[in-house]
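The residues making up each chain are set out below.
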Amino acid sequence: MAARDYWRDLWRYRELFYVLAWRDISVRYKQTIIGLAWALIRPFLTMVVFTVLFGKLGKFPTEGAAPYALMVFAGLLPWQFFATALSESSNSLIGNANLISKVYFPRLIVPTAAVVVSFVDFLISFAILIGLMLWYRFLPDWQILTLPLFVAMAFLASLGPGLWITALNVKYRDFRYIIPFIVQFGLYVSPVGFSSSVVPEHWRLIYSLNPVVGVIDGFRWAILGGESTLYLPGFLLSWGVIVFFLWLGIRQFRRMEKSFADLI
(Lines give C-alpha, C1' and ligand atoms only; values in the text may rest on other atoms or scores of the structure.)
Protein backbone atom coordinates (compact mmCIF):
# COMPACT_ATOMS: atom_id res chain seq x y z
CA MET A 1 0.00 0.00 0.00
CA ALA A 2 1.26 3.47 -0.89
CA ALA A 3 2.24 5.64 2.03
CA ARG A 4 -0.36 8.27 1.09
CA ASP A 5 -3.17 5.69 1.10
CA TYR A 6 -1.96 4.28 4.41
CA TRP A 7 -2.08 7.62 6.19
CA ARG A 8 -5.51 8.27 4.66
CA ASP A 9 -6.67 4.95 6.12
CA LEU A 10 -5.45 6.03 9.54
CA TRP A 11 -7.87 8.94 9.38
CA ARG A 12 -10.72 6.75 8.08
CA TYR A 13 -10.28 4.34 10.98
CA ARG A 14 -10.05 7.06 13.64
CA GLU A 15 -13.21 5.77 15.35
CA LEU A 16 -11.48 2.43 15.92
CA PHE A 17 -8.66 4.37 17.56
CA TYR A 18 -11.15 5.93 19.98
CA VAL A 19 -12.77 2.56 20.70
CA LEU A 20 -9.46 0.82 21.44
CA ALA A 21 -8.25 3.66 23.66
CA TRP A 22 -11.50 3.79 25.63
CA ARG A 23 -11.56 -0.01 25.97
CA ASP A 24 -8.04 -0.08 27.38
CA ILE A 25 -8.84 2.74 29.81
CA SER A 26 -11.92 0.88 31.03
CA VAL A 27 -10.03 -2.41 31.42
CA ARG A 28 -7.21 -0.72 33.34
CA TYR A 29 -9.47 0.56 36.10
CA LYS A 30 -12.31 -1.98 36.03
CA GLN A 31 -12.55 -4.43 38.93
CA THR A 32 -9.71 -2.81 40.86
CA ILE A 33 -9.85 -2.28 44.60
CA ILE A 34 -8.46 1.25 44.67
CA GLY A 35 -9.20 2.20 41.05
CA LEU A 36 -7.87 5.58 39.96
CA ALA A 37 -6.07 6.02 43.28
CA TRP A 38 -3.38 3.62 42.05
CA ALA A 39 -2.30 6.23 39.49
CA LEU A 40 -1.75 8.60 42.42
CA ILE A 41 -0.22 6.25 44.99
CA ARG A 42 2.56 4.85 42.79
CA PRO A 43 4.16 8.16 41.71
CA PHE A 44 3.68 9.67 45.17
CA LEU A 45 5.53 6.83 46.92
CA THR A 46 8.28 6.89 44.27
CA MET A 47 8.69 10.63 44.85
CA VAL A 48 8.98 10.09 48.62
CA VAL A 49 11.63 7.37 48.20
CA PHE A 50 13.70 9.44 45.76
CA THR A 51 13.43 12.55 47.93
CA VAL A 52 14.73 10.63 50.96
CA LEU A 53 17.50 8.77 49.07
CA PHE A 54 18.84 11.60 46.91
CA GLY A 55 17.70 14.70 48.77
CA LYS A 56 18.06 13.78 52.46
CA LEU A 57 20.69 11.03 52.46
CA GLY A 58 22.60 11.79 49.25
CA LYS A 59 22.43 15.57 49.76
CA PHE A 60 21.96 16.11 46.03
CA PRO A 61 21.18 19.73 45.10
CA THR A 62 17.79 20.82 43.88
CA GLU A 63 17.25 23.32 41.07
CA GLY A 64 17.38 26.87 42.35
CA ALA A 65 15.28 27.35 45.46
CA ALA A 66 12.60 24.85 44.38
CA PRO A 67 11.67 22.22 46.99
CA TYR A 68 13.45 18.95 46.30
CA ALA A 69 10.21 16.95 46.32
CA LEU A 70 8.71 19.25 43.70
CA MET A 71 11.80 18.95 41.50
CA VAL A 72 11.65 15.16 41.77
CA PHE A 73 7.99 15.00 40.86
CA ALA A 74 8.50 17.36 37.92
CA GLY A 75 10.93 14.73 36.58
CA LEU A 76 8.86 11.75 37.66
CA LEU A 77 5.77 12.84 35.72
CA PRO A 78 7.33 12.58 32.23
CA TRP A 79 9.33 9.50 33.18
CA GLN A 80 6.22 7.65 34.32
CA PHE A 81 4.44 8.68 31.12
CA PHE A 82 7.37 7.48 29.00
CA ALA A 83 7.84 4.19 30.88
CA THR A 84 4.14 3.28 30.92
CA ALA A 85 3.63 4.26 27.29
CA LEU A 86 6.68 2.28 26.18
CA SER A 87 5.55 -0.82 28.09
CA GLU A 88 1.94 -0.63 26.92
CA SER A 89 2.69 0.14 23.27
CA SER A 90 5.40 -2.51 22.94
CA ASN A 91 2.96 -5.24 24.04
CA SER A 92 -0.12 -3.83 22.33
CA LEU A 93 -0.09 -5.98 19.20
CA ILE A 94 0.25 -9.23 21.16
CA GLY A 95 -2.60 -8.12 23.40
CA ASN A 96 -4.84 -7.56 20.37
CA ALA A 97 -3.88 -10.73 18.49
CA ASN A 98 -7.47 -11.82 17.82
CA LEU A 99 -8.41 -8.48 16.29
CA ILE A 100 -5.28 -8.25 14.16
CA SER A 101 -5.62 -11.76 12.74
CA LYS A 102 -9.23 -11.26 11.64
CA VAL A 103 -9.81 -7.67 10.57
CA TYR A 104 -7.90 -5.24 8.35
CA PHE A 105 -7.08 -1.81 9.66
CA PRO A 106 -3.85 0.21 9.90
CA ARG A 107 -2.02 -1.58 12.71
CA LEU A 108 -0.35 1.66 13.72
CA ILE A 109 -3.60 2.51 15.49
CA VAL A 110 -3.02 -0.12 18.18
CA PRO A 111 0.29 1.06 19.74
CA THR A 112 -0.71 4.71 19.34
CA ALA A 113 -3.94 4.07 21.28
CA ALA A 114 -1.86 2.41 24.01
CA VAL A 115 0.23 5.57 24.38
CA VAL A 116 -2.95 7.63 24.74
CA VAL A 117 -4.07 5.37 27.59
CA SER A 118 -0.79 6.16 29.37
CA PHE A 119 -1.56 9.83 28.90
CA VAL A 120 -4.68 9.36 31.03
CA ASP A 121 -2.46 8.10 33.88
CA PHE A 122 -0.31 11.19 33.37
CA LEU A 123 -3.31 13.50 33.71
CA ILE A 124 -4.41 11.76 36.92
CA SER A 125 -0.90 12.00 38.40
CA PHE A 126 -0.81 15.69 37.52
CA ALA A 127 -3.15 16.21 40.49
CA ILE A 128 -0.22 15.41 42.80
CA LEU A 129 1.85 18.12 41.16
CA ILE A 130 -0.91 20.65 41.79
CA GLY A 131 -1.14 19.47 45.39
CA LEU A 132 2.63 19.88 45.88
CA MET A 133 2.55 23.38 44.46
CA LEU A 134 -0.23 24.31 46.90
CA TRP A 135 1.61 22.65 49.81
CA TYR A 136 4.87 24.50 49.12
CA ARG A 137 3.08 27.66 47.96
CA PHE A 138 5.00 27.48 44.71
CA LEU A 139 3.60 29.62 41.91
CA PRO A 140 4.68 28.57 38.40
CA ASP A 141 6.04 31.16 35.99
CA TRP A 142 4.99 31.85 32.39
CA GLN A 143 6.98 28.79 31.24
CA ILE A 144 4.13 26.57 32.42
CA LEU A 145 2.36 27.54 29.18
CA THR A 146 5.00 25.56 27.25
CA LEU A 147 4.21 22.33 29.11
CA PRO A 148 2.02 20.91 26.27
CA LEU A 149 5.10 21.06 24.01
CA PHE A 150 7.05 18.81 26.39
CA VAL A 151 4.07 16.49 26.81
CA ALA A 152 4.09 16.05 23.02
CA MET A 153 7.85 15.47 23.22
CA ALA A 154 7.30 12.70 25.79
CA PHE A 155 4.57 11.21 23.59
CA LEU A 156 6.88 11.02 20.56
CA ALA A 157 9.82 9.80 22.68
CA SER A 158 7.81 6.76 23.78
CA LEU A 159 5.99 6.13 20.50
CA GLY A 160 9.09 5.70 18.32
CA PRO A 161 10.81 2.97 20.39
CA GLY A 162 7.39 1.49 21.18
CA LEU A 163 6.60 0.97 17.48
CA TRP A 164 9.99 -0.57 16.84
CA ILE A 165 9.89 -2.93 19.80
CA THR A 166 6.27 -4.01 19.33
CA ALA A 167 7.06 -4.95 15.72
CA LEU A 168 10.03 -7.02 16.89
CA ASN A 169 7.96 -8.47 19.72
CA VAL A 170 5.53 -10.02 17.25
CA LYS A 171 8.35 -11.97 15.61
CA TYR A 172 10.63 -12.50 18.60
CA ARG A 173 8.51 -12.99 21.73
CA ASP A 174 11.45 -12.74 24.14
CA PHE A 175 11.48 -8.97 23.59
CA ARG A 176 8.68 -8.71 26.15
CA TYR A 177 11.23 -9.66 28.82
CA ILE A 178 13.58 -6.90 27.73
CA ILE A 179 11.13 -4.03 28.24
CA PRO A 180 10.90 -4.28 32.07
CA PHE A 181 14.71 -4.27 32.24
CA ILE A 182 14.93 -1.19 29.99
CA VAL A 183 12.35 0.63 32.10
CA GLN A 184 14.01 -0.29 35.40
CA PHE A 185 17.50 0.57 34.15
CA GLY A 186 16.32 3.78 32.53
CA LEU A 187 14.78 5.03 35.77
CA TYR A 188 18.22 5.25 37.38
CA VAL A 189 20.20 6.56 34.42
CA SER A 190 17.66 9.32 33.75
CA PRO A 191 17.58 12.47 35.92
CA VAL A 192 14.38 11.51 37.75
CA GLY A 193 15.53 11.54 41.37
CA PHE A 194 18.21 14.17 40.80
CA SER A 195 18.89 17.21 38.67
CA SER A 196 20.79 16.69 35.42
CA SER A 197 22.97 19.63 36.49
CA VAL A 198 24.93 17.23 38.73
CA VAL A 199 26.30 15.56 35.58
CA PRO A 200 29.79 16.96 34.80
CA GLU A 201 29.69 19.57 32.07
CA HIS A 202 31.90 17.62 29.67
CA TRP A 203 29.52 14.63 29.90
CA ARG A 204 26.21 16.46 29.60
CA LEU A 205 25.98 16.37 25.82
CA ILE A 206 26.68 12.63 25.74
CA TYR A 207 24.23 12.16 28.61
CA SER A 208 21.57 13.87 26.48
CA LEU A 209 21.74 11.00 23.98
CA ASN A 210 19.20 9.56 26.38
CA PRO A 211 16.11 11.27 24.89
CA VAL A 212 14.29 11.21 28.22
CA VAL A 213 16.89 13.65 29.60
CA GLY A 214 15.65 16.39 27.29
CA VAL A 215 12.03 15.56 28.12
CA ILE A 216 12.62 15.72 31.89
CA ASP A 217 14.71 18.88 31.67
CA GLY A 218 11.96 20.45 29.58
CA PHE A 219 9.29 19.53 32.09
CA ARG A 220 11.31 20.97 34.94
CA TRP A 221 11.97 24.17 33.04
CA ALA A 222 8.24 24.54 32.30
CA ILE A 223 7.08 23.70 35.84
CA LEU A 224 9.82 25.26 37.98
CA GLY A 225 10.29 28.34 35.81
CA GLY A 226 13.26 30.49 36.79
CA GLU A 227 14.42 27.91 39.33
CA SER A 228 15.45 25.60 36.47
CA THR A 229 17.73 26.12 33.48
CA LEU A 230 17.47 24.35 30.14
CA TYR A 231 20.72 22.99 28.69
CA LEU A 232 19.98 23.92 25.07
CA PRO A 233 22.62 21.79 23.23
CA GLY A 234 21.52 18.67 25.12
CA PHE A 235 17.85 19.52 24.64
CA LEU A 236 18.29 19.83 20.87
CA LEU A 237 20.28 16.59 20.79
CA SER A 238 17.48 14.81 22.65
CA TRP A 239 15.02 16.09 20.06
CA GLY A 240 17.26 14.73 17.32
CA VAL A 241 17.38 11.29 18.97
CA ILE A 242 13.58 11.32 19.40
CA VAL A 243 13.01 12.16 15.73
CA PHE A 244 15.47 9.44 14.68
CA PHE A 245 13.75 6.75 16.76
CA LEU A 246 10.33 7.89 15.56
CA TRP A 247 11.48 7.55 11.95
CA LEU A 248 13.08 4.19 12.70
CA GLY A 249 10.03 2.94 14.58
CA ILE A 250 7.56 3.87 11.82
CA ARG A 251 9.90 2.48 9.14
CA GLN A 252 10.37 -0.88 10.86
CA PHE A 253 6.71 -1.11 11.81
CA ARG A 254 5.53 -0.48 8.25
CA ARG A 255 8.11 -2.92 6.87
CA MET A 256 6.91 -5.77 9.13
CA GLU A 257 3.22 -4.87 9.24
CA LYS A 258 2.13 -7.18 6.42
CA SER A 259 3.43 -10.22 8.31
CA PHE A 260 1.76 -9.43 11.66
CA ALA A 261 -1.40 -11.45 10.97
CA ASP A 262 0.65 -14.54 10.05
CA LEU A 263 3.11 -14.30 12.92
CA ILE A 264 0.80 -13.35 15.71
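Each chain carries its own residue numbering, running from 1 in the written order of its sequence. Local features are withheld for residues below a pLDDT of 70 in this predicted model, meaning they are given only at 70 or higher, and side-chain atom pairs are given and counted only at 80 or more; totals for whole chains, interfaces and linings count all residues. Water and hydrogen atoms play no part in the side-chain values, which are based on all heavy atoms of the structure.

A. Focus on the overall build of the protein chain. Under the scheme used here, helices are H or I runs from DSSP no shorter than 4 residues and strands are E runs no shorter than 2 residues, and both carry numbers assigned from the N terminus. A tally of helices and strands in the protein chain yields 13 helices and zero strands. Along the protein chain, helices (α) and strands (β) appear in the sequence α-α-α-α-α-α-α-α-α-α-α-α-α when read from the amino end. In this treatment the radius of gyration is a C-alpha quantity, and the globule benchmark scales as 2.2 Å times the residue count to the 0.38 power. Computed over C-alpha atoms, the radius of gyration of the protein chain comes to 19 Å, within 12% of the 18 Å expected from 2.2 N^0.38 for 264 residues, which places it in the range of a compact globule. Reported as C-alpha extents along the three principal axes, the dimensions of the protein chain are approximately 55 × 45 × 35 Å. Residue exposure (1.4 Å probe, protein chains only): buried if accessible area is under 20% of the type maximum, exposed if over 50%, otherwise partly exposed. For the protein chain, the residues scored as buried account for 49% of the 264 residues in total. Long-range pairs, those at least 24 residues apart, make up 83% of the contacts in the protein chain with a sequence separation of at least 6. Of the charged side chains in the protein chain, 22 are positive and 14 negative; the average position of the first set lies 6 Å away from that of the second. The criterion used for residue contact is that any of the two residues' heavy atoms lie within 4.5 Å. Positive: Lys, Arg. Negative: Asp, Glu. His and the chain ends are not part of the count. Here the site of a charge means NZ on Lys, CZ on Arg, CG on Asp, or CD on Glu.

B. Spatial organisation of helix α4 (residues 68-90). In this analysis, the expected span of each helix is defined as 1.5 Å times one less than the number of residues it contains. Taking 1.5 Å of rise per residue, the 23 residues of α4 would be expected to cover 33 Å, and the 33 Å separating its terminal C-alpha atoms lies within 8% of that figure. Taking burial as the measure, the 23 residues of α4 include 21 buried ones, the bulk of the element.

C. Highlighting empty space enclosed by the protein. Definitions used throughout: a 1 Å grid over protein atoms alone; a cavity as a set of points that fits a 1.4 Å probe which cannot get out; a pocket as an open set with protein on both sides within 12 Å along at least five of seven lines; a lining residue as one with an atom within 4 Å of a point. Grid points are joined across faces, edges and corners, and a volume is the space filled by probe spheres set on the points. Applying the stated criterion across every chain yields a total of one cavity of 30 Å³ or more. In this model, the largest cavity occupies a volume close to 30 Å³. Secondary-structure elements contributing two or more residues to the lining of the largest cavity are α11 (211-224) and α12 (232-256). The leading source of residues in the lining of the largest cavity is α11, at three residues. Any residue that is not Ala, Val, Leu, Ile, Met, Phe, Trp, Tyr, Cys, Pro, Asp, Glu, Lys or Arg is counted as polar, Gly included; the first ten are nonpolar and the last four charged. Looking at the lining of the largest cavity residue by residue, the class counts come to four nonpolar, three polar and one charged.

D. Fine view of the packing of α11 against α12. Here an angle of 0 to 180 degrees is reported between the N-to-C directions of two axes, which are lines fitted to C-alpha atoms, with helices fitted over the stretch in contact. Their axes nearest at 7 Å, the elements α11 and α12 cross at an angle of 130°. As summarised for this structure, α11 and α12 are arranged oblique, according to the angle between their axes. Between α11 and α12 lies a crossing of left-handed hand. Contact with α11, carried on its side by Pro-211, Val-213, Gly-214 and Val-215, involves Phe-235, Ser-238, Val-241 and Ile-242 of α12 and no other residues of that element. Working definition: roughly parallel below 35 degrees, roughly antiparallel above 145 degrees, roughly perpendicular at 65 to 115 degrees, and oblique for all remaining angles. By convention the crossing between two helices is left-handed if the near helix lies anticlockwise of the far one by an angle smaller than a right angle, and right-handed if it lies clockwise.

E. Examining the packing of aromatic side chains more closely. Any pair of Phe, Tyr and Trp rings, taking the six-membered ring for Trp, is counted once the centres come within 6.5 Å. Such a pair is stacked with planes under 30 degrees apart, edge-to-face with planes over 60 apart, and tilted for the rest. Applying the stated criterion across every chain, the model contains 19 aromatic pairs. Each ring, one from Phe-244 and one from Phe-245, has its centre 5.5 Å from the other, and the planes form 70°; the classification is edge-to-face. Residue classification places Phe-244 among the partly exposed positions, given a relative accessible area of 44%. For Phe-245, a relative accessible area of 26% translates into the label partly exposed. Through pairs of rings, three or more aromatic residues link up here, namely Phe-50, Phe-54, Phe-60, Tyr-188 and Phe-194. Distance and angle both matter: a charge sits over a ring if NZ of Lys or CZ of Arg is within 6 Å of the ring centre and within 35 degrees of the ring normal. Note that Arg-14 overlies the ring of Trp-11, its terminal NZ or CZ placed 4.1 Å from the centroid.

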